[in-house]
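Report on the structure
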Amino acid sequence: MKRIVPFVSGLLFGLGLCLAGMTDPHKVLAFLDLAGSWDPSLALVMGGAWAVAFVAFRCAGRGPLAPAPATPQRIDGRLLGGAAIFGLGWGLVGLCPGPALADLGFLDGRALLFALAMASGVRAADFALAEARTARLTAEDG
């Protein structure tokens, strides 16, 4: 059961992305093209996702297994930089991580390239942040 629930959840999520058209980079880019032939259909997808998440988060706060409330975090350069990189990548190629991983199931070469670039970027960011942390600690000790 520990493996079936995440598998079914991921399968439903991927199916939802496919049905909504989020795995089609052309549709996503048309949604982002406000000055051209704008396709508002993905706004309906986002609205539906918001509605489901709203109900789920309201229900998750009840009962003995309710998660601890989230602790507010500050908005810093890492958050803003990550959001900017995410948005630029999404806007340039019309894919974000979830739909790209769903496209891998269709053996889409562009999605594979995107996923490899994304994984490389994550590793490079981890390395750069670790180096910066080490340099800061060394400077504090010295």
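Here, every reference points to the structure presented above.
An account of the accompanying structure is given in this report. (Residues numbered from 1 in each chain as written. Predicted model: local features only at pLDDT ≥ 70, side-chain atom pairs only at ≥ 80, totals over all residues. Heavy atoms only, no water.)

1. Things to note about the overall build of the protein
Convention followed: In this text, helices come from DSSP runs of H or I with a minimum length of four residues, and strands from runs of E with a minimum of two, each type numbered from the N-terminal end. Atoms considered for the radius of gyration are the C-alpha atoms alone. The globule rule reads 2.2 Å times the number of residues to the power 0.38. Exposure is judged per residue with a 1.4 Å probe applied to protein chains only, and the accessible area is read against the type maximum: over 50% gives exposed, under 20% gives buried, and values in between give partly exposed. Contact criterion: two residues are considered in contact whenever any of their non-hydrogen atoms come within 4.5 Å of each other. Only the protein chains shown count as cover for residues, and all accessible areas are computed by the Shrake-Rupley method using a 1.4 Å probe. In this count, Lys and Arg are taken as positive residues and Asp and Glu as negative ones, while His and the chain termini are left out. In this description, the location of a charge corresponds to atom NZ of lysine, CZ of arginine, CG of aspartate or CD of glutamate.
Looking only at helices and strands, the protein features six helices and zero strands. Shown N-terminal to C-terminal, the secondary structure of the protein runs as helices and strands in the order α-α-α-α-α-α. The globule rule puts the C-alpha radius of gyration for 142 residues at 14 Å, and the 19 Å found for the protein is more than 25% above it. Burial status across the protein gives 16% buried among its 142 residues. Considering only contacts within the protein whose residues lie at least 6 apart along the sequence, 40% involve residues at least 24 apart. Accessible surface computed for the protein: about 10,900 Å², of which carbon and sulfur atoms make up 72%. Within the protein, one finds 11 positive and 10 negative side-chain charges whose respective centroids are separated by 11 Å.

2. Quick notes on the pattern of salt bridges
We apply this condition: Put simply, a salt bridge is a Lys or Arg side-chain nitrogen that is within 4 Å of an Asp or Glu carboxyl oxygen.
As enumerated under the stated definition, the model contains three salt bridges in all. Residues D76 and R74 are paired through a salt bridge, measuring 3.9 Å at the closest nitrogen-oxygen approach. On the basis of relative accessible area, R74 is assigned to the exposed category, the value being 66%. A salt bridge links R110 to D108, with the shortest nitrogen-to-oxygen separation between them at 3.4 Å.

3. Here's the deal with the environment of K27
Looking at the element boundaries, K27 is found in helix α2 (residues 25-32). Accessibility expressed as a relative area gives 24% for K27, which makes it partly exposed. Through-space distance from the C-alpha of K27 to that of G94 is 7.9 Å; in sequence the pair is 67 residues apart.

4. Considering the side chain of T23
You can see T23 is positioned in the loop between α1 (4-20) and α2. If we ignore the near neighbours within four places in the chain, the residues touching T23 are L17, C18, L95, P99, A102 and D103.

5. Some words on the packing of α2 against helix α4 (residues 77-93)
Definition in use: Helix axes are fitted to C-alpha atoms over the stretch in contact, other axes to C-alpha atoms as well, and angles between N-to-C directions run from 0 to 180 degrees. Angle categories: roughly parallel below 35 degrees, roughly antiparallel above 145, roughly perpendicular from 65 to 115, and oblique for all the rest.
It is the contact of α2 with α4, at a shortest axis distance of 8 Å, that shows an interaxial angle of 115°. Overall, the two elements α2 and α4 adopt an arrangement that is roughly perpendicular. Each of P25, V28, L29 and L32 in α2 lies in contact with α4, whose residues at this interface are W90, G91 and V93.

6. A word on the packing of aromatic side chains
Keep this limit in mind: Stacked, tilted and edge-to-face are the three classes applied to pairs of Phe, Tyr and Trp rings, where Trp contributes its six-membered ring and a pair requires centres within 6.5 Å; stacked means planes under 30 degrees apart, edge-to-face means over 60, and tilted covers the rest.
Going through the model one piece at a time under the given rule, you end up with two aromatic pairs. Aromatic pair W50 and F54: ring centres 5.3 Å apart, planes at 25°, arrangement stacked. Taken together, the residues span about one helical turn, with W50 and F54 both in helix α3 (residues 41-60) at a distance of four residues.

7. Observations regarding the side chain of D108
To keep it simple, the criterion reads: Here a polar contact is taken to be a pair of N or O atoms separated by no more than 3.5 Å, where protein atoms must pair a possible hydrogen donor with a possible acceptor and residues adjacent in sequence count only if both atoms sit in side chains.
Summarising the element assignment, D108 is placed in the loop between α5 (97-104) and α6 (109-141). Given the relative accessible area of 17%, D108 is considered buried. Within the structure, the side chain of D108 is placed 2.9 Å from the backbone nitrogen of R110, a separation counted as a polar contact.

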